[in-house]
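# Structural characterization, general
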Amino acid sequence: MSVSSPHAPGGPGWRVRFAPSPTGALHIGSLRTALFNWLAARSSGGSFVLRIEDTDQGRHVPGSEAQIVESLRWLGLDWDEGPEAGGPYEPYVQSLRTDIYKEHGERLAATGAAYWCTCTPQRLAEMREAQRRVGQPTRYDRRCLGRQAEVAQERAAGMPAVLRQRMPEGVSRWDDLIRGEVSFDNADIDDSVLLKGDGFPTYHLAHVVDDHLMEITHVIRAEEWIPSTPKHLALYAAFGWAPPRFAHVPVVLGEDHLKLSKRRGARSVLEYRDMGYLPVALANAMALLGWSSGTEDEVFTLEELAERFSIERVNPAPAVFDAARLDALQGLHVRRLPAEALARLLEPWLPGTSGEQRLTLVPLLQERIVRLSDATDLAAPLLGDAPWEEGVQFPPKKVDEATAAALLDACIDEVSRGALADVVGLRERLTAMLDARGVKARDGFRVLYIAILGRPAGVPVFDAMAFLGPEATLSRLRAARARSAGGDSA
């Protein structure tokens, strides 16, 4: 069998779908597949369809559908239609469409492209064990293919049965948009189950029927489905339908170069949200897993990605997810945010603050946070007490006690005389004082960091004093001076 398709790569108006199984939360590998589909639709002026493939009821995890929908909506990967009128749309759900699959399964049985099988699980297990003993591939031996009259009687008597695909002879070939020509000898392909004993379809039947009925033109999915594609092409041919174009995206590996999966502790999309990542940063990082813009640019919004995306620039080699790269992109996207937008986003991480307070804090935080959650710790000394960190050395290294005391005295005097109105001038005068004592400003100002923030580093200490105001600043400076005079060390 040889199959061709009328859909040309790069053509306008691609109709694509993301079709996750509700077996858990949405993770990085699935997110990248969803993103590539969404970008392909948006870049071609086409449509993006979301379909929940929940026909494997044994693996269904309650609540997964809601988590998948919430993840995609948080990321901004909106879909264009659903089973109901008006938007925002809910996804299509396969378990609500089982009659459609049964009807199409019966059509295949009527034409001989599929056949009923009443082999018991025990018989199938014994068959596979016998095949393994002699080194043969484990596949169905077509015992029921030649006894369909008898199988019909067994079904009528109530014996459980499944519908199996009858793979045709020949070779299956297709031009993969990422991998080029791929071919399989059909003699090596098993007769897979299409309808299970419980009446639910398997993935092989359900997705082919839905992709045709939903007029999907391009199927962008994980490379693990490459060996199953001959089965799907055979089903298209059996129904007399033109198949879509296929693009099998590369696997996503962890930093250990093993497949990234939820079984091996991969984080879900919503976990990244709850850690304080921006959806645009996560999408940006996922787009670069296997795809290249063709330029040196790496920082993109969703809109910019859609303008540049091309499936032909997806590399078939495995892509390695690098957490450090995600953090770097996250930091760059945080710096890009307008102050007002960042102030709104920080509200969950700075509870009890007003919009005005957060807007005042943004200049102190924006260059220093990676995750939004970083703001909680950085801003803590400004929004409450600032106890000294356990074990902090005071005076810090490279600053003697006399210099620390002199710096604190000078700063107390300056703040008492209103110097916080001009923190640039204050910094310059204290820098000159430290220079005169032979101490570098970056070393000497650690004294002020500890006094004001309780730690030797953090947000800019002069801006922190301005945010706190003279009263709170003087209280902390005087407390540090008292400890210095007493020779205390936290």
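Quick look at the structure, then.

Conventions we followed
- Residues numbered from 1 in each chain as written.
- Predicted model: local features only at pLDDT ≥ 70, side-chain atom pairs only at ≥ 80, totals over all residues.
- Heavy atoms only, no water.
- Core = buried A, V, L, I, M, F, W, Y, C linked by side-chain atoms within 4.5 Å.
- Buried < 20%, exposed > 50% of the residue type's maximum accessible area, 1.4 Å probe, protein only.
- Helix = DSSP H or I, 4+ residues; strand = E, 2+ residues; numbered from the N terminus.
- Contact = heavy atoms within 4.5 Å.
- 1 Å grid on protein atoms, 1.4 Å probe; cavity = no way out; pocket = protein on both sides within 12 Å on 5 of 7 lines; lining within 4 Å.
- Points joined across faces, edges and corners; volume = space filled by probe spheres on them.
- Nonpolar A, V, L, I, M, F, W, Y, C, P; charged D, E, K, R; others polar.
- Pairing = 2+ DSSP bridges.
- Right-handed = clockwise from strand over helix to strand, strands pointing away.
- Salt bridge = Lys/Arg side-chain N within 4 Å of Asp/Glu carboxyl O.
- Expected span 1.5 Å × (residues − 1).
- Polar contact = N/O pair within 3.5 Å; in protein donor to acceptor, adjacent residues only side chain to side chain.
- Axes fitted to C-alpha atoms, helices over the stretch in contact; angles between N-to-C directions.
- Lys, Arg positive; Asp, Glu negative; His and termini not counted.
- Phe/Tyr/Trp six-rings, centres within 6.5 Å; stacked < 30°, edge-to-face > 60°.
- Lys NZ or Arg CZ within 6 Å of the ring centre and 35° of its normal.

Quick look at the nonpolar core now. Inside soluble globular proteins, nonpolar side chains tend to come together where they are buried. Counting residues in hydrophobic clusters, the biggest one holds 56 residues, and the most contacted among them are Leu-346, Leu-365, Ile-369, Leu-382, Leu-448, Phe-462 and Leu-477. For this core, the secondary-structure elements that each account for two or more residues are helix H12 (339–345), helix H13 (355–365), helix H14 (374–383), helix H15 (401–416), helix H16 (423–436), helix H17 (441–453), helix H18 (461–468) and helix H19 (470–486). Among the elements that take part in this core, H17 stands out by supplying nine residues, more than any other. What Leu-365 contacts, discounting residues up to four positions off in sequence, is Leu-346, Leu-350, Ala-375, Leu-378, Ala-379 and Val-459.

Right, let's get into empty space enclosed by the protein. In the structure shown here, the tally under the stated rule is one cavity of 30 Å³ or more. Along the walls of the largest cavity sit Ala-285, Leu-289, Phe-321, Asp-322, Arg-325 and Leu-326, which together make up its complete lining.

Regions of empty space are outlined by a rolling probe, equal in size to a water molecule, passed over the atoms. Size it by volume and the largest pocket reaches roughly 1,200 Å³. Around the largest pocket sit 43 residues that line it, and Ser-21, Ser-30, Arg-59, Glu-224 and Trp-225 are the ones nearest its centre. When contributions to the lining of the largest pocket are tallied by element, the ones reaching two or more residues are strand E1 (15–18), helix H1 (28–44), helix H6 (203–213) and strand E9 (218–222). Here the lining of the largest pocket takes six residues from H1, the largest share from any one element. Taken together, the residues of the lining of the largest pocket sort by class into 18 nonpolar, 13 polar and 12 charged. There is about 310 Å³ of room inside the second largest pocket. For the lining of the second largest pocket, the secondary structure elements donating two or more residues are helix H4 (121–133) and strand E5 (162–165). At four residues, H4 tops the list of elements feeding residues into the lining of the second largest pocket. Residues belonging to the lining of the second largest pocket are distributed by class as follows: 11 nonpolar, five polar and five charged.

Another aspect to go through is the pairing of E1. Here E1 shows a buried face lined by Arg-15 and Arg-17 and a second buried face lined by Val-16 and Phe-18. Relative to strand E2 (residues 47–52), E1 runs parallel, the two sharing four bridges. Bridge pairing in E2 links Val-16 to Phe-48. The parallel pair E1 and E2, bridged by H1, forms a crossover whose chirality is right-handed.

Moving on: the pattern of salt bridges. Here the structure, examined in full by the defined rule, presents 31 salt bridges. Its salt-bridge partner being Glu-70, residue Arg-273 comes within 2.7 Å of it at the nearest N-O pair. Of this pair, Arg-273 sits in helix H8 (residues 269–274) while Glu-70 sits in helix H2 (residues 64–75), and the two are 203 residues apart along the sequence. By relative accessible area, which is 38% here, Glu-70 ends up partly exposed. The salt bridge partner of Glu-224 is Lys-259, with a shortest N-O separation of 3.4 Å. Of this pair, Glu-224 sits in the loop between E9 and helix H7 (229–239) while Lys-259 sits in the loop between strand E11 (252–253) and H8, placing them 35 residues apart in sequence. On the accessibility criterion, Lys-259 (44% relative accessible area) is partly exposed. Among the charged side chains, a network of salt bridges with common partners joins Arg-17, Arg-51, Glu-53, Arg-97, Asp-210 and Asp-211.

On to H15. Here H15 contains 16 residues, and its C-alpha end-to-end distance of 22 Å stays within 8% of the 22 Å for a straight helix at 1.5 Å per residue. Those residues of H15 not exposed but buried are Thr-403, Ala-404, Ala-405, Ala-406, Leu-407, Leu-408, Cys-411, Ile-412, Glu-414 and Val-415. For H15, the N-terminal capping position is held by Asp-400, with its side-chain oxygen 3.1 Å away from the main-chain nitrogen of Ala-402. Gly-418, located one to two residues past H15, shows a positive phi value of around 90°.

Before going further, it helps to examine the environment of Asn-315. Residue position: Asn-315 is located in the loop between helix H10 (302–308) and strand E12 (319–320). On the accessibility criterion, Asn-315 (41% relative accessible area) is partly exposed. Measuring from C-alpha to C-alpha, the distance between Asn-315 and Leu-378 comes to 40 Å, with 63 residues separating the pair along the chain. Residue contacts for Asn-315: discarding those within four places in its chain leaves Ile-178, Pro-250 and Gly-290.

This part is about the side chain of Thr-98. Structurally, the position occupied by Thr-98 is in helix H3 (residues 98–111). When sequence neighbours within four positions are dropped, the list of residues in contact with Thr-98 reads Phe-200 and Pro-201.

So, on to the sheet that holds strand E3 (residues 92–93). Reading across the sheet, the three strands line up as E1-E2-E3 and stay open at both edges, with parallel pairing between neighbours. Pairing within the sheet leaves two strands with one partner each, and these edge strands are E1 and E3.

If you trace the three strands from one edge of the open sheet to the other, you get E4-E5-E8, paired in antiparallel fashion. Of all the strands in the sheet, just strand E4 (114–117) and strand E8 (193–195) have a single pairing partner and so form its edges. Strand-to-strand twist of the sheet, defined as the mean angle between neighbouring strand axes without regard to direction, takes the value 45°. With two bridges connecting them, E5 and E8 associate as antiparallel partners. When the bridges of E8 are listed, Leu-163 appears paired with Leu-195.

Let's shift gears to the side chain of Asp-54. Structurally, Asp-54 can be placed in the loop between E2 and H2. No salt bridge forms around the buried Asp-54; measuring N to O, its nearest opposite-charge neighbour Arg-97 is 8.9 Å away. Beyond its immediate sequence surroundings of up to four residues, Asp-54 is in contact with Pro-22, His-60, Val-93, Gln-94 and Ser-95.

Turning next to the packing of aromatic side chains. Enumeration according to the criterion identifies 12 aromatic pairs in this entry. Centroid distance Phe-239 to Trp-241: 4.2 Å. Interplanar angle 15°. Geometry classified as stacked. Comparing Phe-239 with Trp-241, the two get one shared label, buried. Aromatic side chains Trp-388 and Phe-394 sit 4.9 Å apart centroid to centroid with 50° between the ring planes, which places their arrangement in the tilted category. Given the relative accessible area of 5%, Phe-394 is considered buried. An aromatic cluster of at least three residues, connected via ring pairs, comprises Phe-36, Trp-291, Phe-300 and Phe-309. Taking the ring centre of Trp-116 as reference, the NZ or CZ of Arg-155 above it sits at 3.6 Å. Above the plane of the ring of Tyr-140 lies Arg-164, whose end atom (NZ or CZ) is 3.9 Å from the centre.

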